[in-house]
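# Fold and geometry: a report
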Amino acid sequence: MQQLQPQQFATWAEPIEMLYACHSKVKRFCKQLQILPAYLAENGVNQAVKNDVQQILNYFNRSAPLHHEDEEQDFFPILASKKPEAQTAIDELEKQHHTLHHNWALLAQALEDLLAGKQDKIDETLIQQFITGYDVHIAIEEPLFEMGRECLDSETLSEMGKIMAARRKL
């Protein structure tokens with residue numbers, strides 16, 4: 001059995017840690033989505049499903065787009081100014097953001113229909129398309145987070161964190 005690590009909390013004073021924290025949530029929600037079809041087949045649309053689906057909808061409707069804005073408006077430009085060799089990956093990631101949002105729109109509609117009682121199962125292809133998109137995306141993006149850790153000074157990171165927090169009106 002895998003031993004659990006204590007929960008680590010990031011703050012906006014550590015914006016790269018916050019970017020990683022968002023990815024942790026994405027991965028957790030993707031795991032929930034992965035098991036959703038089998039769970040629905042066995043248990044139907046119960047309150048636990050409704051609660052989990054609502055959390056997933058809330059996250060990907062609000063937090064995920066803000067995360068992408070954090071990257072596109074704050075992290076990527078600063079990283080590219082310090083590490084121009086990152087630009088190709090950045091360009092690819094920004095294109096992927098559009099695809100991720102499109103895939104989410106399709107899946108979100110299906111999840112909303114589930115909550116509204118319009119359907120009692122979910123298309124596994126929509127789920128897999130969504131999860132695969134994030135798996136590919138995160139694999140390209142997290143090495144850039146590491147690059148940022150190495151080349152961005154604490155003052156730059158502090159200012160970036162303040163901008164990201166302000167985006168959320170915190």
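Criteria and thresholds
Residue numbers restart at each chain and count upward from 1, following the sequence in its written direction. Where local features are concerned, this predicted model is filtered to residues with pLDDT of at least 70; where side-chain atom pairs are given and counted, the filter is 80 or more; whole-chain, interface and lining totals use all residues. Side-chain measures here rest on the full set of heavy atoms in the structure, leaving out hydrogens and waters. Secondary structure elements are defined from DSSP: runs of H or I of at least 4 residues count as helices, runs of E of at least 2 residues count as strands, and each element is numbered from the N terminus. Whether a residue is buried, partly exposed or exposed follows from its accessible area with a 1.4 Å probe, protein chains only, as a fraction of its type maximum: under 20%, in between, or over 50%, in that order. When checking whether two residues touch, look at their non-hydrogen atoms; a contact exists if any pair is within 4.5 Å. Here the Shrake-Rupley method, with its probe set to 1.4 Å, supplies the accessible areas, and only the displayed protein chains count as covering residues. Every axis corresponds to a line fitted to the C-alpha atoms, with the helix fit spanning only the stretch in contact, and the corresponding angles, defined between N-to-C directions, vary from 0 to 180 degrees. We call a crossing left-handed when the near helix sits turned anticlockwise from the far one by less than a right angle, and right-handed when that turn is clockwise. In this classification, Asp, Glu, Lys and Arg are treated as charged, Ala, Val, Leu, Ile, Met, Phe, Trp, Tyr, Cys and Pro as nonpolar, and every other residue, Gly included, as polar. pLDDT: the predictor's confidence for each residue, scored from 0 to 100.

## Side note on the overall build of the chain
Regarding its fold elements, the chain presents five helices and zero strands. Of the regular secondary structure in the chain, the N- to C-terminal order runs α-α-α-α-α. Overall size of the chain, expressed as C-alpha extent along the three principal axes, is 50 × 35 × 35 Å. For the chain, the proportion of its 170 residues judged to be buried stands at 40%. Long-range contacts, defined here as pairs at least 24 residues apart, represent 81% of the contacts in the chain between residues at least 6 apart. Summing over all exposed atoms, the chain offers an accessible surface of approximately 9,900 Å²; the carbon and sulfur share of this is 52%.

## A few points about the packing of helix H1 (residues 15-43) against helix H3 (residues 87-115)
Where H1 contacts H3, the two axes come as close as 14 Å, and the packing angle between them is 35 degrees. Here H1 runs over H3; the crossing is left-handed. Here Leu-33, Leu-36 and Leu-40 of H1 lie close against H3, whose contacting residues are Leu-107, Leu-111 and Leu-114. Taken together, the residues of the contact of H1 with H3 sort by class into six nonpolar, no polar and no charged.

## Notes on the confidence of the model for the chain
Scored by pLDDT, the chain has a mean of 94; 95% of the residues are at 70 or more. Note on residues 1-7: pLDDT is under 50 here. Beyond four places in sequence and across chains, it has zero contacts.

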